[in-house]
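Chain by chain, the residues:
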Amino acid sequence: MSVNFLRRTLLTAACACMALPALAAADSANTPLTDPVAEIQTNLGTIVVELAQKQAPITVKNFIAYAEKGFYKGTIFHRVIDGFMVQGGGFTADLTQKKASAPIVNEARGGLSNLRGTIAMARTSDPHSATCQFFINTVDNDFLDARNARDGWGYTVFGRVIKGMDVVDKISAQPTATRYGMRDVPKKTVLIEKVVIKR
């Protein structure tokens, strides 16, 4: 099965606009951070994400709420496609889906692009179905942006990795298999130990 096919069907199994230069992923920032920062601590290392509260305020508030109530502790990166993205935040290590809060409105028209190193919300075919799951783009995936999306909505970018892209790439390189009917599951559990918000 081709990666292009998998890209076109991104995230449909998750629950079963111009690019801004400042959003490019980096391991260090040249300017002071003014937005909240999330530390996604995994068993393979820590990913530090600056959250774009101006461009995606509802989405950032939603992500912070999940993080601060400890929802992400013990979840995994359950869907990994090398050369595309890594997705997590909704399933435990035994692939039990956690009960999420109500879905939020799609903010993909906020002006941010799905570039390498950006974090975005996973959803089903319903544009306004995002809850807890997120993915990190490992390559430029601007076909997921609202301006390019077939449904006119796309996938909401709500931050960028500012440290730890090496960890993201390590996750992306994990061998995968099909488990309990779910494809692209890492053979070795990639555990999210916790997500810490720093303001």
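Computed from a predicted structure; not experimentally measured.

(A) Up close: the overall build of the chain. Within the chain one finds 3 helices and 10 strands. For the chain, the accessible area works out to roughly 9,000 Å², and carbon and sulfur atoms hold 52% of it.

(B) Region of interest: the sheet that holds strand 6 (residues 134-137). Here we have 8 strands rolled up into a closed barrel, ordered 1-2-7-5-6-4-3-10, and antiparallel in their pairing. The sheet shows a mean angle of 35° between the axes of neighbouring strands, taken without regard to direction. Note: strand 3 (residues 75-81) against strand 10 (residues 191-198), 2 bridges, orientation antiparallel. In the sheet register, Thr 75 faces strand 10, and the bridge partner there is Ile 192.

(C) Region of interest: the environment of Ile 171. Within the secondary structure, Ile 171 sits in helix 3 (residues 165-172). Not counting residues up to four positions away in its chain, the partners in contact with Ile 171 are Leu 44, Ile 47, Phe 77, Val 80, Val 86 and Val 190.

(D) The nonpolar core, seen in detail. Grouped together as the largest cluster of nonpolar side chains are 34 residues, with contacts concentrated most on Ile 47 and Tyr 72. Tallying contributions element by element places helix 2 (residues 57-68) first for this core, with 5 residues. Counting residues in each nonpolar core, the second largest holds 11 residues, with Met 85, Leu 112, Ala 120 and Leu 144 among its members.

(E) Up close: the confidence of the model for the chain. Per-chain confidence: the chain averages 88 in pLDDT, with 83% of residues scoring 70 or above. Contacts of residues 1-6 to residues separated by more than four positions or lying in other chains number 6 contacts, the stretch itself having pLDDT below 50. Here residues 11-30 is modelled with pLDDT under 50, and outside its nearest four sequence neighbours on either side it reaches 55 contacts, counting other chains as well.

(F) Up close: the packing of aromatic side chains. One pass over the structure, following the stated rule, counts 10 aromatic pairs. Ring centres 5.4 Å apart and planes at 35° place the aromatic pair Phe 63 and Tyr 72 in the tilted group. Judged by centre distance (5.7 Å) and plane angle (90°), the rings of Phe 71 and Tyr 72 are edge-to-face. Both residues of the pair, Phe 71 and Tyr 72, belong to the buried class. Pairwise contacts between aromatic rings join Phe 63, Tyr 66, Phe 71, Tyr 72, Phe 77, Phe 134 and Phe 158 into one cluster.

(G) Region of interest: helix 3. Listed in full, the buried residues belonging to helix 3 are Met 165, Val 167, Val 168, Ile 171 and Ser 172. The arc that holds every buried residue of helix 3, seen down its axis, measures 155°, which confines them to one face. Contacts from the buried residues of helix 3 go to strand 1 (37-42), strand 2 (45-51), strand 3, strand 4 (85-92), strand 6 and strand 7 (157-163).

(H) The arrangement of empty space enclosed by the protein in detail. Considered as a void within the structure, the largest cavity measures approximately 50 Å³ in volume. Every residue lining the largest cavity is listed: Thr 59, Ile 104, Val 105, Asn 106, Glu 107, Met 121, Arg 123, Pro 127, Ala 130, Tyr 155 and Thr 156. Across the lining of the largest cavity, the residue classes tally to 6 nonpolar, 3 polar and 2 charged. As a volume, the second largest cavity reaches approximately 40 Å³. Lining the second largest cavity, in full, are Ile 76, Phe 77, Arg 179, Val 185, Pro 186, Lys 188, Thr 189 and Val 190. Elements with a minimum of two residues in the lining of the second largest cavity: strand 3 and strand 9 (182-186).

The rules behind each value
Residues numbered from 1 in each chain as written. Predicted model: local features only at pLDDT ≥ 70, side-chain atom pairs only at ≥ 80, totals over all residues. Heavy atoms only, no water. Helix = DSSP H or I, 4+ residues; strand = E, 2+ residues; numbered from the N terminus. Areas by Shrake-Rupley, 256 points an atom, 1.4 Å probe, with all protein chains shown as cover. Pairing = 2+ DSSP bridges. Axes fitted to C-alpha atoms, helices over the stretch in contact; angles between N-to-C directions. Contact = heavy atoms within 4.5 Å. Core = buried A, V, L, I, M, F, W, Y, C linked by side-chain atoms within 4.5 Å. Buried < 20%, exposed > 50% of the residue type's maximum accessible area, 1.4 Å probe, protein only. pLDDT = per-residue confidence, 0-100. Phe/Tyr/Trp six-rings, centres within 6.5 Å; stacked < 30°, edge-to-face > 60°. Arc of directions from axis to C-beta. 1 Å grid on protein atoms, 1.4 Å probe; cavity = no way out; pocket = protein on both sides within 12 Å on 5 of 7 lines; lining within 4 Å. Points joined across faces, edges and corners; volume = space filled by probe spheres on them. Nonpolar A, V, L, I, M, F, W, Y, C, P; charged D, E, K, R; others polar.

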